[in-house]
Amino acid sequence: MTRRALFALLLIGVLSAGNTLAAQADHVTAAHAWIRLLPGDLPAAGYVTLQNNDATAATIAAVHTNAYASAMIHQSTQDADGVSHMTMVDHLAIPAHAVVSLSPSGYHLMLEHATHPLKPGDSINIALSFADGSQLLVPFLVRPANAVDTN
Ligand SMILES: [Cu+2]
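Caption draft 1: Up close: the pairing of strand S2 (residues 44-52). Taken across its nine residues, S2 has eight buried, putting it largely inside the fold. Of the strand pairs in this sheet, strand S1 (residues 28-36) and S2 are connected by seven bridges, and their pairing is antiparallel. Paired with Val28 across the strands is Asn52, a residue of S2. In this structure, S2 lies alongside strand S8 (residues 107-114), joined through three bridges in antiparallel fashion. If you follow Ala45 over to S8, its bridge partner there is Met110.

Here it is, written out as structure tokens:
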């Protein structure tokens, strides 16, 4: 067998292994990713629209960014008195062939303690880690405190 034939066989092996081990992150696309920057050391909120193109649910188990010391998934809810609360969410599932929006009234990323100064117009990368260990790296546009959701 020639070296070239051997290489072709190896390549086919690698490609088919990739297919059978398709990761959750490979099936999820992100759009409209941005963060709202607040003054001082106030936490920033991250918003993004996530679409799962697979027949199986994808679950985000953790978020991480070098731009903030702490990154979490939060959910905003309102109680009967109209008082709003934020609770931490351990796992965020994106059902099969569904879209989940992180938006100012619902889920958001809570980003605390910037590791370096940020300004509107900057872009930061946030890694979404899925339950199977795969990762989706999403660039988020930094927008000012008064920015409105354009989704
Ligand atoms: Cu929050």
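Caption draft 2: Expanded view of the coordination of the copper ion. Binding of the copper ion to the protein goes through His74 (ND1), Met86 (SD), His108 (NE2) and Met110 (SD), at separations of 2.2 to 2.3 Å. Considering all four donor atoms around the copper ion, angles at the metal cover 89 to 130° and the coordination shape is tetrahedral. Taken in sequence order, the residues that donate to the copper ion follow the motif H-x11-M-x21-H-x1-M. Remark: Met86 occurs in strand S5 (residues 84-89) and His74 occurs in strand S4 (residues 68-78); sequence separation between them is twelve residues. Here Met86 falls in the partly exposed class, since its relative accessible area comes to 46%.

Caption draft 3: A look at the confidence of the model for the chain. Averaged over the chain, the pLDDT score is 89; the fraction of residues at 70 or greater is 86%. Counted against residues more than four places away or in other chains, residues 16-20, with its pLDDT under 50, gives zero contacts.

Caption draft 4: The arrangement of empty space enclosed by the protein in detail. On inspection of all chains with the given rule, the structure shows one cavity of 30 Å³ or more. Lining the largest cavity we find Val48, Leu50, Ile60, Val63, Ile73, Leu92, Leu102, Leu109 and Leu128. Those elements giving two or more residues to the lining of the largest cavity turn out to be S2 and strand S3 (58-64). Split into classes, the residues belonging to the lining of the largest cavity amount to nine nonpolar, no polar and no charged.

Caption draft 5: Seen up close, the environment of Ser134. Mapped onto the elements of the fold, Ser134 is located in the loop between strand S9 (123-130) and strand S10 (135-143). Discounting chain neighbours no more than four positions away, the residues touching Ser134 are Ala23, Gln24, Ala25, Leu128 and Ser129.

Caption draft 6: Structural view of unusual backbone geometry. The residue His32 is not glycine, and still its phi comes out positive at about 55°. Along the chain, His32 turns up in strand S1. Residue His113 is not a glycine yet carries a positive backbone phi of 65°. Secondary-structure assignment places His113 in strand S8. Its relative accessible area of 43% is what places His113 among the partly exposed residues.

The rules behind each value
- Residues numbered from 1 in each chain as written.
- Predicted model: local features only at pLDDT ≥ 70, side-chain atom pairs only at ≥ 80, totals over all residues.
- Heavy atoms only, no water.
- Buried < 20%, exposed > 50% of the residue type's maximum accessible area, 1.4 Å probe, protein only.
- Helix = DSSP H or I, 4+ residues; strand = E, 2+ residues; numbered from the N terminus.
- Pairing = 2+ DSSP bridges.
- Donors = N, O, S within 2.8 Å, 3.2 Å for Na, K, Ca; no water.
- Tetrahedral: all angles 85-135°; square planar, octahedral: opposite > 155°, others 65-115°.
- pLDDT = per-residue confidence, 0-100.
- Contact = heavy atoms within 4.5 Å.
- 1 Å grid on protein atoms, 1.4 Å probe; cavity = no way out; pocket = protein on both sides within 12 Å on 5 of 7 lines; lining within 4 Å.
- Points joined across faces, edges and corners; volume = space filled by probe spheres on them.
- Nonpolar A, V, L, I, M, F, W, Y, C, P; charged D, E, K, R; others polar.

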